[in-house]
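One letter stands for each residue in the lines below.
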Amino acid sequence: MRFAVSAFFLLVLISYAAAYDPLDPNGNITIKWDIMSWTADGYVAAVTMNNFQMYRHIMSPGWTLAWSWAKKEVIWSMVGAQTTEQGDCSKFKGNVPHCCKKTPTVVDLLPGVPYNQQFTNCCKGGVVAAWGQDPSSAVSAFQVSVGLAGTSNKTVKLPKNFTLLGPGPGYTCGPAKIVPPTTFLTPDLRRKTQALMTWNVTCTYSQFLARKNPSCCVSFSSFYNETITPCPSCACGCPKHNNCVKSNSKILQMKGINTPKKDNTPLLQCTHHMCPVRVHWHVKLNYKDYWRVKIAVTNFNYRMNYTLWSLVVQHPNLNNVTQVFSFDYKPLVPYESINDTGMFYGMKYYNDLLMEAGPTGNVQSEVLLRKDKNTFTFKQGWAFPHKVYFNGDECMLPPPDTYPFLPSPAQRNLLPLSTLISSFLFLLMSIW
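Residues numbered from 1 in each chain as written. Predicted model: local features only at pLDDT ≥ 70, side-chain atom pairs only at ≥ 80, totals over all residues. Heavy atoms only, no water.

## What to know about the pattern of salt bridges
Okay, step 1: Applying the stated criterion to the full structure yields six salt bridges.
Okay, step 2: Ionic pairing is found between E366 and K284, a salt bridge with its closest N-O pair at 2.4 Å. Residue E366 is found in strand β26 (residues 362-370), and its partner K284 is found in strand β18 (residues 277-286); the two are separated by 82 residues along the sequence.
Okay, step 3: The buried category is assigned to E366, whose relative accessible area is 15%.
Okay, step 4: A cluster of three or more residues bridged by salt bridges with shared partners is formed by K284, R292 and E366. (Salt bridge = Lys/Arg side-chain N within 4 Å of Asp/Glu carboxyl O. Helix = DSSP H or I, 4+ residues; strand = E, 2+ residues; numbered from the N terminus. Buried < 20%, exposed > 50% of the residue type's maximum accessible area, 1.4 Å probe, protein only.)

Here is the structure:
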């Protein structure tokens, strides 16, 4: 019995620890319900989903939100979203509800729906940007009319057992909590109104819960060493049934091979690391007061385009970024005294879409950094990042003892054998 209790508490602690992100300690998705009016048998509520995560967005096919009703509530109608199933509404005559299920599942509407079905911040196919990348697009909302429910603050029962897919697993939602009513400003900014009742639901992400293996890996190279440190073998897991294709396979010419599956099953290019995404960090040049790095992100999934992708890097010299050439850049400073983390993301309408695996399935940029003479060195792998995240998930780095090392002074001063032979032959020809 004691062992079972200890194991339970250990599992709880691991889950909470995994949901905590030290690079984004306050990141979460907050779902707010504002009751705007009472009806004969219930209420009309505006439901707003705010993504307060700095670098983790919800990409296509978008979010899916579900909950359980506390009583026998039904959804009479929705604007800006819809439930995936209607359920059994056979007991209703005349007006039939939009959904009668005890546990409704809601999805966003697609862009281009008729105007009378739209609601503020709706209809983006469930795609929600990260707060740090685009705050104006880090929100999604819909309106729901609930029946067979309470008609006052005292009789309304809060929904429970909230779940959020974004678009896959990984999010854990807490219970709904009543908070002070939301206030609104009228268009002329001269009057405040407020919701009749408001409750919040907070959802946090855990990579530990989302998947058992990483979804990306990192490789290194440098100008001062010919060694290229590849991603670790099977960095993202090597499935027993090797579901991958070679880059020159004729299968890739088949019609529809790139069409995404409903379960998002990837079709990966065969590699030793078997990761959908690889990030390569190349130390390119060394100047007197600056040094330059080239970053390349490559997609190895033939069934996935990454929209609004983001790359987070932790490195001590990111406090002196001088110029980023082909990506947008934003420093992340969750702790004011430490400035060693930054977010790279695509320029809008230029390279904010990472295409599927193939010749165009990569994005790259160079970064110019100013040296801090008190800390700068190429020794002991200092020039390489401590952590790398792609789309909010931490990537697997190579073991530190495999990093490209800085040659000793004797090795740097030793000319290659081919150079010596060429010089000797040139001298003989000159004498001859």
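## Some points on the packing of aromatic side chains
Okay, step 1: Tallied over the full model, the rule gives 27 aromatic pairs.
Okay, step 2: For the ring pair W33 and W67, a centre distance of 5.1 Å and an interplane angle of 85 degrees mean the geometry is edge-to-face. With W33 in strand β1 (residues 29-38) and W67 in strand β3 (residues 64-68), this pair connects stretches of sequence that are 34 residues apart.
Okay, step 3: Each ring, one from F384 and one from Y403, has its centre 5.6 Å from the other, and the planes form 70 degrees; the classification is edge-to-face. Taken together, the residues F384 in the loop between β26 and β27 (387-390) and Y403 in the loop between β28 (393-394) and α3 (409-413) connect sequence positions 19 residues apart. An identical accessibility class is assigned to F384 and Y403; each is buried.
Okay, step 4: Linked through ring pairs, W33, W38, Y43, W67, W69, F162 and W199 together constitute an aromatic cluster. (Phe/Tyr/Trp six-rings, centres within 6.5 Å; stacked < 30°, edge-to-face > 60°.)

## So, the state of the cysteines
Okay, step 1: Counted by the stated rule, this structure contains eight disulfides.
Okay, step 2: Sulfur-sulfur distance for the disulfide between C216 and C395 comes to 2.0 Å. Of note, the bridge from C216 to C395 carries an S-S torsion of about -95 degrees and is left-handed in sense. Here C395 lies in the loop between β28 and α3 and C216 lies in strand β14 (residues 216-222), a separation of 179 residues in the sequence.
Okay, step 3: Relative accessible area serves as the criterion here: at 0%, C216 is assigned to the buried category.
Okay, step 4: For C395, a relative accessible area of 4% corresponds to the buried category.
Okay, step 5: One disulfide in the model links C244 with C270; its S-S distance is 2.1 Å. Looking along the S-S bond of the C244-C270 disulfide, the torsion reads about 95 degrees, which is the right-handed sense. Highlighted residues: C244 in strand β16 (residues 244-245) and C270 in the loop between β17 (268-269) and β18, separated in sequence by 26 residues. (Disulfide = S-S within 2.5 Å.)

## Considerations on a nonpolar patch on the surface
Okay, step 1: A cluster of nonpolar side chains, contributed by Y20, Y335 and I338, occupies part of the molecular surface with about 290 Å² of accessible area.
Okay, step 2: Take I338: it is sitting in the loop between β23 (327-332) and β24 (341-346). (Patch = residues over 30% accessible without salt bridge, like charges linked within 9 Å, V, L, I, M, F, W, Y side chains within 5 Å. Areas by Shrake-Rupley, 256 points an atom, 1.4 Å probe, with all protein chains shown as cover.)

## A word on the side chain of N301
Okay, step 1: Inspection of the secondary structure puts N301 in the loop between β19 (290-299) and β20 (306-307).
Okay, step 2: Since its relative accessible area comes to 4%, N301 is described here as buried.
Okay, step 3: Apart from residues lying up to four places away in sequence, N301 is in contact with P266, L267, L268, P276, E356 and A357. (Contact = heavy atoms within 4.5 Å.)

## Regarding unusual backbone geometry
Okay, step 1: Following S60, the chain continues into P61 via a peptide bond in cis, with omega recorded as 10 degrees.
Okay, step 2: As for its placement among the helices and strands, P61 is situated in the loop between β2 (43-51) and β3.
Okay, step 3: In this chain, G166 is followed by P167 through a cis amide linkage whose omega measures -10 degrees.
Okay, step 4: Relative to the helices and strands, P167 is located in the loop between β8 (160-165) and β9 (171-173).
Okay, step 5: One non-glycine residue, N121, lies in the positive phi region at around 65 degrees.
Okay, step 6: Mapped onto the secondary structure, N121 falls in the loop between β6 (105-108) and β7 (139-147).
Okay, step 7: In the Ramachandran plot, L189 falls in the positive-phi region, its phi being about 65 degrees despite a non-glycine side chain.

## Observations regarding the sheet that holds β18
Okay, step 1: Across the sheet, which stays open at both edges, the six strands sit in the order β15-β14-β18-β19-β26-β22 with mixed pairing between neighbours. Looking at strand neighbours, the two that pair on one side only are β15 (225-229) and β22 (321-324), the edges of this open sheet. On average, each strand axis in the sheet is inclined to that of its neighbour by 20 degrees, with strand direction left out of account.
Okay, step 2: Here two bridges tie β14 to β15, and the two strands are oriented antiparallel to one another. Bridge pairing in β15 places S222 opposite N225. (Pairing = 2+ DSSP bridges. Axes fitted to C-alpha atoms, helices over the stretch in contact; angles between N-to-C directions.)

## Describing a positive patch on the surface
Okay, step 1: On the surface, K72, K91, K102 and K160 cluster together to form a positively charged patch.
Okay, step 2: Mapped onto the elements, K72 comes out in the loop between β3 and β4 (74-79). (Lys, Arg positive; Asp, Glu negative; His and termini not counted. Charge placed at Lys NZ, Arg CZ, Asp CG, Glu CD.)

## So, the sheet that holds strand β5 (residues 81-83)
Okay, step 1: In space, the four strands of this open sheet follow the order β5-β6-β3-β8, with antiparallel pairing throughout. Only two strands of the sheet have a single partner each, and these edge strands are β5 and β8. Taking each pair of neighbouring strands and ignoring which way they run, the sheet shows an average axis angle of 20 degrees.
Okay, step 2: Pairing analysis gives four bridges linking β3 to β8, with the strands arranged antiparallel. Looking at the pairing, A66 lines up with T163 of β8.

## A word on the nonpolar core
Okay, step 1: The biggest cluster of nonpolar side chains holds 36 residues, and the ones touching the most others in it are W291, L311, F344 and F390.
Okay, step 2: What F390 contacts, discounting residues up to four positions off in sequence, is C216, V277, V297, Y306, W309, S310, L311, L354 and C395. (Core = buried A, V, L, I, M, F, W, Y, C linked by side-chain atoms within 4.5 Å.)

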